[in-house]
Amino acid sequence: MKKLAVVMSVPSTAAALKAMAQIKNKLGQTKRTRVMFTEDGKLTFVSGILQKSIKDVAQLDKYSGSDVLILPSYGDESGAVPGLSDIKMFLNNNLGFSIFVCAVPEDDDAELASVTDNIVDIVKSNMGI
């Protein structure tokens, strides 16, 4: 298994929470669980939108022990700091994660279900679930 970071580009906190809840549900997790262990590795759900909880991109070091990360982030067009490109570069270059970026829609439930299905498929195939 390779280290993988699934970065969800989200338009709002509400969209991030909705997407995370669907992903956790599809993976069989309870709402309050942030970490999932399998015999092949550790999956961590990063709570909150990344730029609101991490001011310095180097603080992502605390996730280096995870094998798979699922984290919401604002896109570069939002002007949030650190930017999505900075986050991707740090996760890849410094922590050795392969990066998968997906856009999460605001109000389209059918499209959200499709996006979360894709994320779950990627996580399952990477972790051998």
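Everything that follows concerns the structure shown earlier in this document.
Not measured: the values here are computed from a predicted model. (Residues numbered from 1 in each chain as written. Predicted model: local features only at pLDDT ≥ 70, side-chain atom pairs only at ≥ 80, totals over all residues. Heavy atoms only, no water.)

(A) Focus on the packing of aromatic side chains. Counting across every chain of the model gives zero aromatic pairs. Lying over the aromatic face of F97, K3 brings its terminal NZ or CZ to 4.5 Å of the ring centre. (Phe/Tyr/Trp six-rings, centres within 6.5 Å; stacked < 30°, edge-to-face > 60°. Lys NZ or Arg CZ within 6 Å of the ring centre and 35° of its normal.)

(B) Spotlight on the pairing of strand β2 (residues 35-38). The pairing of β2 with strand β3 (residues 41-45) spans four bridges and is classified as antiparallel. What sits directly across from F37, in β3, is K42. Counting the residues that bridge the hairpin from β2 to β3 gives two residues. (Pairing = 2+ DSSP bridges. Helix = DSSP H or I, 4+ residues; strand = E, 2+ residues; numbered from the N terminus.)

(C) Up close: the packing of helix α1 (residues 13-26) against helix α4 (residues 109-127). For the pair α1 and α4, interaxial distance at closest approach is 9 Å and the crossing angle is 50°. As the angle between them shows, α1 and α4 are arranged oblique. Judged by the twist between their axes, the crossing of α1 over α4 is right-handed. Contacts between α1 and α4 involve K18, A19, Q22, I23 and K26 from the former and D109, L112, A113, T116, D117, I119, V120 and K124 from the latter. For the contact of α1 with α4, the class distribution of residues is six nonpolar, two polar and five charged. (Axes fitted to C-alpha atoms, helices over the stretch in contact; angles between N-to-C directions. Parallel < 35°, antiparallel > 145°, perpendicular 65-115°, else oblique. Left-handed = near helix turned anticlockwise from the far one by under 90°. Contact = heavy atoms within 4.5 Å. Nonpolar A, V, L, I, M, F, W, Y, C, P; charged D, E, K, R; others polar.)

(D) The arrangement of the environment of D107 in detail. Within the secondary structure, D107 is located in the loop between β5 (98-103) and α4. Judged by relative accessible area, which is 68%, D107 ranks as exposed. (Buried < 20%, exposed > 50% of the residue type's maximum accessible area, 1.4 Å probe, protein only.)

(E) How the structure looks around the nonpolar core. Ranked by internal contacts, the top residues of the largest apolar core, which has 26 residues, are M8, L43, I70, I119 and V123. For this core, the leading source of residues is α4, giving six residues. Contacts of L43, omitting those with residues within four sequence positions, involve L27, R34, V35, M36, V68, I70, V123 and M127. (Core = buried A, V, L, I, M, F, W, Y, C linked by side-chain atoms within 4.5 Å.)

(F) Just unusual backbone geometry, in detail. Note that the residue after V81, namely P82, is joined by a cis bond; omega there is -5°. Along the chain, P82 falls in the loop between β4 (68-73) and α3 (84-94).

(G) Representation of the sheet that holds β2. A sheet is described by the order of its strands in space; here five strands give the open sequence β2-β3-β4-β1-β5, paired in mixed fashion. One side of each edge strand has no neighbouring strand; the edge strands of this open sheet are β2 and β5. Strand-to-strand twist of the sheet, defined as the mean angle between neighbouring strand axes without regard to direction, takes the value 15°. As judged from the three bridges shared by β3 and β4, these two strands associate in the parallel manner. Each bridged residue has a counterpart across the sheet, and for F45 the counterpart in β4 is I70. Packed onto the sheet, α3 meets β1 (4-9), β4 and β5 and runs at close to 155° relative to β5.

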